[in-house]
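# Fold and geometry: a report
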Amino acid sequence: MRSSTALGLVIFAAIPMALLFWTLKERNTSYVKRSEELAFKSLEEDLENFRLKSSRLEDENNNLMQQISIEKDNVASLIKEKEGLELRLENYRDSGAPELGEREWTAEELKARKKAEELTLKIRELPLKRKLKYRLTNWETMSSAFSAMPGVSSPEEASAQSRAYSAMGFVNPGTDVRSRTLDLLKGQLGAAIFVGDDTVFLNKDSSINNSSDSTALAIEIARALQDQHFELNASLNDWLYNDDAKLALWAVAAGDTNLLKIRYQLQNNLSATANVQAATTMSREQFELIPAYVREYYLFPFSLGDRFCQNLYDNERWQSVNNAIARPPLSTSEILHPELYTSEERLEPERFRWNINATEIDGVYPLWNNVAGELGIALLLNQSDFLQRMNELGQPDIVNMPELVSKGIEHFSQRDGSKAAAGWHGDRFLVYPNGEGKRGSDHVYWMTKWMDNKEAQEFYDAITKSIQFRRGVKLAKDNDDEMVSTTKGDRYISIKMIGEDKVRIVDTGDKVFADKVIQKFETSSP
C-alpha cells in the first residue's frame, strides 16, 4: 500500500515536472528559432545596407573618374592652347613686320607648318641658318612675286628680249616673251612660293593639312635652304649675259627639290603622285598656247633636273647635290650629259667674252647679248624641223611643236635637232636693233664652237636648213666654208665655218651692217 502510494506520488509529481520540462523545451526551441530568424533578418539588412553602400561608393567612384577625365581633357586643352599660343607668339616674333598677311594662322595650321618644316630639314639634312618668315597672302600677290624672280626679264628688258628672240627664230614676231613666261610660271604655281629674303608666301585659301599643299610648302622650304646655304638667288643673278648657265643652275635646284618632294611624301605617308600644283589656274588649252620654245625652255629644269640630281645622289647622297649647287654645271649641256659634269677632265665651254663696253657699231649697242646653249639650239632646230614638216603636210597653221623635254631625255635626244646640238662647246649671240625690229628683222651675229669638226659640220648643215626655211631664202656656197643668201631683197645671211670647230652666223638687215659686224668681231680673237 505504502509502495503504491509512493509510486503514485512519484508519478503524480513526475507528470507536472514532465509538463514543465516540455514547456521549457518548447519555449527554448521557439526562442532559438526566433533568435535565428532575427539574426538572419539582421544579416539580410546588413547585406542590403552593404549593397547600398557599395552602390553609393561605385557611383562616387564613377563620378570621380568622370571628374578626372574632365580634368584630363581640360589639361590637354590647356596644353594644346598653350602650344597654339606659343606657335602664334613664335610666328609674330619671326614675322619681322607687323603685317602678317591676309588673315591669322589657325593653331592647326601653325602646327602643320612646324611639322612640315621639321620634316623638310630632317630629310634634306640641312639646318635653317635663319628663321623663315611665312605670309598668308592672296593669289595675285603670289603671282606677282614671279616678276622679280631670277631668270625672268625685267619690264625694262622685256621689249629687247622679245625682239631678240624673234630675230633668232626662237619665237614668232610680236610674241611678248616676258608675259608668256610669266603666264607659264603662274600656271604652275602651287600653294606656296619662296620669294627670297627668308620669306615664304602661302595662299590664304590653301590647307597645309592636306597632302598637296603640305608638299608644296616643303618644296619652298627646301628652296629657302638652297638660298641660305648656297646663296642661290645671288648666284642666279651673277650669270649676266648667260641664260644657259643660269638655266643649268636652276635645273640643279629643281632637281634637288624634286628629290626632297619624293622623300617627303614617302615619310609623310603621302602619295608619290600627289599634285603639288593645287593652286594652278592654267588649263591644258592655255598651256598649249604658250610658245613651244618658251614652254620647253622654262620647264626644262623641272623635267630633266631631277635626273641629273638623282645621278649625283646615288653617288654621295645629299653632299653631292650640295656640291653641285655650290659648284654648278656651266651649261645645259652638262645637265643633258651628266658625264660631262662628273668627268675628271671637265671642259669649260667657250664663252666668247667680248667686252660689253666695246660692242657698239656706229654708236649702237646690242639689244641682247646672250648664250643659246645646247638646249636653246636643240629647241630652235627641232622647232624648225617640226614647222617645216607641218608645212610640207599642208598644215602651216600648226605652229606649236609637241612637248619634248617633259617626255624625258630619251625622247628629247632622239630628235634630229637635238642630235645636231649635242656636240655644243660654247656660243654667244648679239642682236642689234634694225629700225623697230618688226617681223624679226633685227641684226644677228652668232658665234658657236663645237667639240670637233664633225659636230661643227652637223650643226652647220642643220642651221642652214633651219634659216632657209624660217627666212624663206636660198643659201648657196660662196666658197668652201661659207653659205650666203642668194635671194634678192634687203636681208643678208651668211653661215661660215671658221677653223675646224666654229660656225658663225650673220643674219642682218643688209650687207652693209653685216660687213661692219664681221669686221668688228672677226679681225681679232674674241
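Check the entry above for the structure.
Criteria and cut-off values
- Residues numbered from 1 in each chain as written.
- Predicted model: local features only at pLDDT ≥ 70, side-chain atom pairs only at ≥ 80, totals over all residues.
- Heavy atoms only, no water.
- Pairing = 2+ DSSP bridges.
- Helix = DSSP H or I, 4+ residues; strand = E, 2+ residues; numbered from the N terminus.
- Axes fitted to C-alpha atoms, helices over the stretch in contact; angles between N-to-C directions.
- Contact = heavy atoms within 4.5 Å.
- Buried < 20%, exposed > 50% of the residue type's maximum accessible area, 1.4 Å probe, protein only.
- Core = buried A, V, L, I, M, F, W, Y, C linked by side-chain atoms within 4.5 Å.

## Things to note about the sheet that holds strand β3 (residues 199-203)
On the basis of which strands lie adjacent, the open sheet formed by three strands has the order β1-β3-β2 and mixed pairing. A single partner strand is all that each edge strand has here, and the edge strands are β1 (133-137) and β2 (192-196). Direction aside, neighbouring strands of the sheet carry axes that sit 25° apart on average. Of the strand pairs in this sheet, β1 and β3 are connected by five bridges, and their pairing is parallel. From the neighbouring strand, Tyr134 faces β3, where its bridge partner is Val200. The strands touched by helix α6 (residues 211-230) are β1, β2 and β3; relative to β2, the strand with the most contacts, the crossing angle is about 15°.

## Topic: the sheet that holds strand β10 (residues 502-508)
Sheet strands pair by backbone hydrogen bonding; their relative direction is either parallel or antiparallel. Overall, antiparallel pairing links the seven strands, which are arranged β4-β5-β6-β10-β9-β8-β7 in an open sheet. A single partner strand is all that each edge strand has here, and the edge strands are β4 (368-370) and β7 (475-479). Strand-to-strand, the axes of this sheet are offset by a mean angle of 15°, without reference to chain direction. As paired elements, strand β9 (residues 492-498) and β10 share seven bridges and run antiparallel to each other. Within β10, the residue paired with Ile495 across the bridge is Ile505. Helix-sheet contacts for helix α17 (residues 511-522) involve β5 (424-432), β6 (443-450), β9 and β10, and the interaxial angle to β10 is about 145°.

## Brief notes about the pairing of β6
In terms of burial, β6 is largely enclosed, as eight of its eight residues are buried. Alternating residues of β6 divide into His443, Tyr445, Met447 and Lys449 and Val444, Trp446, Thr448 and Trp450, and every residue in both groups is buried. Looking at chain direction, β5 and β6 are connected through seven bridges and run antiparallel. When the bridges of β6 are listed, Trp424 appears paired with Trp450. When β6 meets β10, the two strands line up antiparallel, connected through six bridges. If you follow Thr448 over to β10, its bridge partner there is Val503.

## With respect to the nonpolar core
In terms of nonpolar packing, the biggest core is built from 112 residues, with Trp446 and Ile495 touching the most fellow members. The element that contributes the greatest number of residues to this core is helix α10 (residues 292-326), accounting for 16 residues. Apart from the residues within four sequence positions on either side, Trp446 is in contact with Met168, Ala372, Ile377, Leu380, Asp427, Arg428, Phe429, Phe459, Ile463, Val503, Arg504 and Ile505.

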